[in-house]
Amino acid sequence: MSAIVEEIREAYARVGITLDLPAAYGTYYRLLCAGCGRMVGNVGDRLLPGMAAELVARQRDLYAEGIMGCPCGHQRAVSRS
Ligand SMILES: [Zn+2]
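Asks: I keep staring at the overall build of the protein and nothing clicks. Help me out?
Replies: When helices and strands are tallied, the protein shows three helices and three strands. Radius of gyration (C-alpha) of the protein: 12 Å, near the 12 Å computed for a compact globule of 81 residues. With respect to the three principal axes, the spread of C-alpha positions in the protein is 30 × 25 × 15 Å. By residue count, 33% of the 81 residues in the protein fall in the buried class. Sequence-distant contacts in the protein: of pairs separated by 6 or more residues, those separated by 24 or more amount to 44%. Total accessible area on the protein is roughly 5,000 Å²; 54% of this is exposed by carbon and sulfur atoms. Side chains of the protein carry 9 positive and 8 negative charges; the gap between the two charge centres is 6 Å.

Asks: Any chance you could explain the coordination of the zinc ion here in plain terms?
Replies: Angles at a metal have ideal values that depend on geometry: 109.5 degrees with four tetrahedral donors, 90 or 180 degrees with six octahedral donors. Looking at the zinc ion, one finds its protein donor set to be C33 (SG), C36 (SG), C70 (SG) and C72 (SG), positioned 2.2 to 2.3 Å from the metal centre. Its four donor atoms give the zinc ion angles of 99 to 118 degrees at the centre, a pattern that matches the tetrahedral case. Each donor residue of the zinc ion belongs to the same chain, with the gaps between them written as C-x2-C-x33-C-x1-C.

Asks: I tried to follow the pattern of salt bridges on my own but got confused; where do I start?
Replies: Charged atoms that come close allow side chains of opposite charge to pair. Counting across every chain of the model gives three salt bridges. Note that R9 is salt-bridged to E6, the shortest N-O span being 2.8 Å. Within this pair, R9 and its partner E6 are both found in helix α1 (residues 3–13), separated by three residues, close to a single helical turn. Salt-bridge contacts for E54 lead to R58; the nearest nitrogen and oxygen are separated by 2.6 Å. Separated by four residues within a single helix, E54 and R58 lie in helix α2 (residues 51–65), roughly one turn from each other. The exposure class of E54 is partly exposed, given its relative accessible area of 42%.

Asks: Hey, could you run me through the sheet that holds strand β3 (residues 39–44) in this one?
Replies: Two modes of strand pairing occur in sheets, parallel and antiparallel, and in both the strands are linked by backbone hydrogen bonds. Spatial ordering of the open sheet is given by β1-β2-β3, a layout of three strands whose pairing is antiparallel. The open sheet is flanked by β1 (17–22) and β3, the only strands paired with a single partner. Each adjacent strand pair in this sheet contributes to an overall mean axis angle of 35 degrees, direction not counted. Note that strand β2 (residues 28–33) and β3 share five bridges and pair antiparallel. Bridging from a neighbouring strand, Y28 pairs with G44 of β3.

Asks: I would appreciate a short explanation of α1 in the present structure.
Replies: A turn of α-helix holds 3.6 residues, and therefore any two residues three or four places apart point the same way. Every buried residue of α1 is accounted for by I4, V5, I8, A11 and Y12. Relative to the axis of α1, the buried residues are bounded by an arc of 125 degrees and lie together on one face.

Analysis parameters
- All residue numbers refer to positions counted from 1 along the written sequence of the respective chain.
- Predicted model: local features are reported for residues with pLDDT of at least 70 only, side-chain atom pairs are reported and counted for 80 or more only, and whole-chain, interface and lining totals are derived from all residues.
- The side-chain values count all of the structure's non-hydrogen atoms but skip hydrogen atoms and water molecules.
- Secondary structure counts use DSSP, requiring at least four H or I residues in a row for a helix and at least two E residues in a row for a strand, with both numbered from the N terminus.
- Radius of gyration means the value over C-alpha atoms here, while the globule rule gives 2.2 Å times the residue count to the 0.38 power.
- Using a 1.4 Å probe on the protein chains alone, a residue whose accessible area is under 20% of its type maximum counts as buried, one over 50% counts as exposed, and one in between counts as partly exposed.
- In what follows, residue pairs with any heavy atoms lying within 4.5 Å of each other are defined as contacts.
- Only the protein chains shown count as cover for residues, and the accessible areas themselves come from Shrake-Rupley with a 1.4 Å probe.
- Here Asp and Glu are counted as negative and Lys and Arg as positive; His is not counted, and neither are the chain ends.
- Every charge is mapped onto a representative atom, which is NZ of Lys, CZ of Arg, CG of Asp or CD of Glu.
- Donor selection uses N, O and S atoms within 2.8 Å of the metal (3.2 Å for Na, K and Ca). Since no water is included, sites may look incomplete.
- Sites are called tetrahedral only when four donors show all angles between 85 and 135 degrees, square planar or octahedral only when four or six donors show opposite pairs over 155 degrees and all other angles between 65 and 115, and irregular in any remaining case.
- For this analysis, a salt bridge means a side-chain nitrogen from Lys or Arg found within 4 Å of a carboxyl oxygen belonging to Asp or Glu.
- For two strands to pair, DSSP has to find at least two bridges joining them.
- Note on method: axes are straight lines fitted to C-alpha atoms, helices fitted across the in-contact stretch only, with angles between N-to-C directions ranging 0 to 180 degrees.
- Directions are taken from the helix axis to each C-beta atom, and the arc is the one they span.

Shown next as structure tokens:
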């Protein structure tokens, strides 16, 4: 796993999202709810170092409010803790 993918994985783990195995061309990863496994989006690995953490940090409030994330509420619960 490349450093950038590891960084993306860690960033999303902080809001209760798991990175799935790479899609066909290996440049996009599906984002799965860590609570129930539902797909909640996808992310490309062509981010620069630091971007993934910043991206997720900006979205954290949206996850905490339940505006983004899975209907099961897992991201909301994790982001608020
Ligand atoms: Zn879920």
